[in-house]
Amino acid sequence: MPSEPEPRAATRSGRFAWLRSEGLGLLCGQATVLLLGVGSLVLARTRDGASAEVAMDDLTAFFRVPSPWHAWLYLLVPVLGLYALNTLLCTWDSVLAKWRRGVRELSAYAPALIHLSFLLALFAHGVGGLWNREGATLAIGPVWQPLADGRQVRLAEARLEPLPNSQLKSVEARLELRDAAGRIVEERLGYNQPVSSGGGARLLLLSKVDRAATGARFASGSERCVAAEGAPCSIAGLRVELTGLYESGHWGQVPMAVVHVASADGLDDGFHLLEGQERRLPGRAPLRFERLEVSTVVVARSRTAPGNPWALGSAALLVAGLALMGRRWVRLA
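Worth saying up front: this structure is predicted, and the values here are computed from it rather than measured.

A. Up close: the packing of aromatic side chains. Scanning the entire structure with this criterion turns up 5 aromatic pairs. Pairing F63 with Y74 gives two aromatic rings, centres 5.7 Å apart and planes at 45 degrees, and the pair type is tilted. Of the two residues, F63 sits in helix α2 (residues 61–64) while Y74 sits in helix α3 (residues 71–100), which places them 11 residues apart along the sequence. The exposure class assigned to F63 is partly exposed, which follows from its relative accessible area of 42%. The partly exposed category is assigned to Y74, whose relative accessible area is 27%. Note on F218 and F289: the rings are 5.7 Å apart at their centroids and 40 degrees apart in plane angle, and the pair reads as tilted. Note that F218 is positioned in strand β7 (residues 202–220) and F289 in strand β14 (residues 287–304), a separation of 71 residues in sequence. You can call F218 buried: its relative accessible area is 0%. Over the face of the ring belonging to W144 we find R178, whose NZ or CZ atom lies 4.1 Å from the ring centre.

Written as structure tokens, this is what we have:
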């Protein structure tokens with residue numbers, strides 16, 4: 001991406017003058033387009049073979065098991081490196097020459113900002129391609145559960161718009177996120193509407209909406225309460241903590257809850273109950289596991305994308321450069 005022509009006084013000579021040439025920039029740009037075109041054909045041709053592990057923007061798959069089919073990418077890396085160096089040197093020469101000539105209008109430096117946005121975009125792609133990672137899949141329901149960044153999340157509301165064939169046309173999930181200080185913020189999650197933080201470096205992306213067991217309903221005498229893992233409930237003077245919940249197992253197709261109960265008068269006991277089963281407790285009415293509590297959950301996958309903040313910075317520089325092109329009345333101090 002060469003800069004606009006400058007007077008001959010600004011040009012450089014010497015053994016490495018070719019690194020600053022506009023011709024090199026044009027050659028690198030054309031080579032980039034050619035190699036990317038070849039790559040698109042190769043990926044389609046080898047998607048069930050050498051490129052089977054290539055997905056989205058992941059570059060590491062090309063290097064885990066090197067293949068001759070991926071020679072286009074191995075060539076593209078040095079070409080882009082040379083392209084970036086040429087752009088940087090040409091931009092530096094252009095800015096330096098203008099400053100020495102006493103040019104102080106901000107608009108005169110707009111092309112330099114656009115060039116820098118290009119360099120930052122290349123860097124963002126490299127960081128993302130090498131360090132983007134898929135995280136855990138979360139089934140987010142009405143009970144608070146932890147996120148990898150230390151916050152907690154729960155589903156406050158899910159609005160579903162079905163198609164006539166019962167498939168979902170759109171999903172809008174209203175999530176509540178709570179930080180360590182107890183502050184709660186609301187976010188919207190939907191198809192093509194991820195929840196992001198850290199400038200887009202951490203993402204929650206919607207996979208599907210489902211129904212799942214999110215807790216267990218207990219009864220003791222005439223009282224009822226619902227407990228979930230990480231969210232105990234109180235009933236008849238007991239604190240009921242659900243430490244495990246299984247919809248079926250080797251005991252058959254009957255749900256089972258693993259329960260720990262405690263009371264102010266010293267009762268402290270752990271046991272398991274099958275659905276419909278009860279446990280007699282000293283001096284109290286029996287504790288009965290009535291049924292599973294089934295709720296709507298949104299299944300989301302977490303993703304770490306450290307290249308996204310750099311890409312946002314690149315976009316900001318591009319917008320600033322384009323805006324300055326029309327601001328010729330602004331001068332530098």
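B. Inspection of the sheet that holds strand β11 (residues 256–263) at higher detail. Reading across the sheet, the 4 strands line up as β9-β10-β11-β12 and stay open at both edges, with antiparallel pairing between neighbours. Two strands in the sheet have a free side with no partner beyond their single neighbour: β9 (233–235) and β12 (268–274). For this sheet, the mean inter-axis angle between neighbouring strands, taken without regard to orientation, is 30 degrees. As paired elements, strand β10 (residues 238–246) and β11 share 8 bridges and run antiparallel to each other. The residue of β11 that forms the bridge with L245 is A257.

C. Quick peek at the packing of helix α1 (residues 22–45) against α3. It is at 9 Å that the axes of α1 and α3 come closest, and there the two elements cross at 155 degrees. As the angle between them shows, α1 and α3 are arranged roughly antiparallel. For the element pair α1 and α3, the recorded crossing hand is left-handed. Within the contact between the two elements, α1 uses L24, G25, C28, G29, A31, T32, L35, L36, V38, G39, V42 and L43 and α3 uses W72, L75, L76, V79, L80, L82, Y83 and N86.

D. The arrangement of the side chain of N86 in detail. Mapping N86 onto the fold places it in helix α3. Polar side-chain contacts of N86 include one of 2.7 Å to the backbone oxygen of L19.

E. Seen up close, the nonpolar core. F218, V240, V259, V261, L287 and F289 are the most contacted members of the largest nonpolar core, which totals 20 residues. At 4 residues, β10 tops the list of elements feeding residues into this core. Setting aside its immediate chain neighbours within four residues, V261 contacts R239, V240, L267, D268, D269, F271, L281 and L287. V171, A173, L175 and L204 belong to the second-largest nonpolar core, a separate cluster that totals 16 residues.

F. Spotlight on the pattern of salt bridges. Here the structure, examined in full by the defined rule, presents 22 salt bridges. With its nearest N and O atoms 3.0 Å apart, the salt bridge here joins D149 to R151. Using a relative accessible area of 21% as the deciding quantity, one classes R151 as partly exposed. For E172, the salt bridge is made with R188, and the minimal N-O distance between the two is 3.5 Å. Here E172 is found in strand β4 (residues 168–178), whereas its partner R188 is found in strand β5 (residues 184–190), with 16 residues between them in sequence.

G. Quick peek at the side chain of T32. For T32, the location among the structural elements is in helix α1. Within the structure, T32 has its side chain in polar contact with the backbone oxygen of C28 (distance 2.8 Å). Discounting chain neighbours no more than four positions away, the residues touching T32 are L76, V79, L80 and Y83.

H. Spotlight on unusual backbone geometry. For N192, which is not glycine, the phi torsion reads 60 degrees and is therefore positive. Here N192 shows up in the loop between β5 and β6 (195–197). For A236, which is not a glycine, the phi torsion comes out positive at approximately 50 degrees. Inspection of the secondary structure assignment puts A236 in the loop between β9 and β10.

Here is what the cut-offs are and how they apply
Residues numbered from 1 in each chain as written. Predicted model: local features only at pLDDT ≥ 70, side-chain atom pairs only at ≥ 80, totals over all residues. Heavy atoms only, no water. Phe/Tyr/Trp six-rings, centres within 6.5 Å; stacked < 30°, edge-to-face > 60°. Helix = DSSP H or I, 4+ residues; strand = E, 2+ residues; numbered from the N terminus. Buried < 20%, exposed > 50% of the residue type's maximum accessible area, 1.4 Å probe, protein only. Lys NZ or Arg CZ within 6 Å of the ring centre and 35° of its normal. Pairing = 2+ DSSP bridges. Axes fitted to C-alpha atoms, helices over the stretch in contact; angles between N-to-C directions. Parallel < 35°, antiparallel > 145°, perpendicular 65-115°, else oblique. Left-handed = near helix turned anticlockwise from the far one by under 90°. Contact = heavy atoms within 4.5 Å. Polar contact = N/O pair within 3.5 Å; in protein donor to acceptor, adjacent residues only side chain to side chain. Core = buried A, V, L, I, M, F, W, Y, C linked by side-chain atoms within 4.5 Å. Salt bridge = Lys/Arg side-chain N within 4 Å of Asp/Glu carboxyl O.

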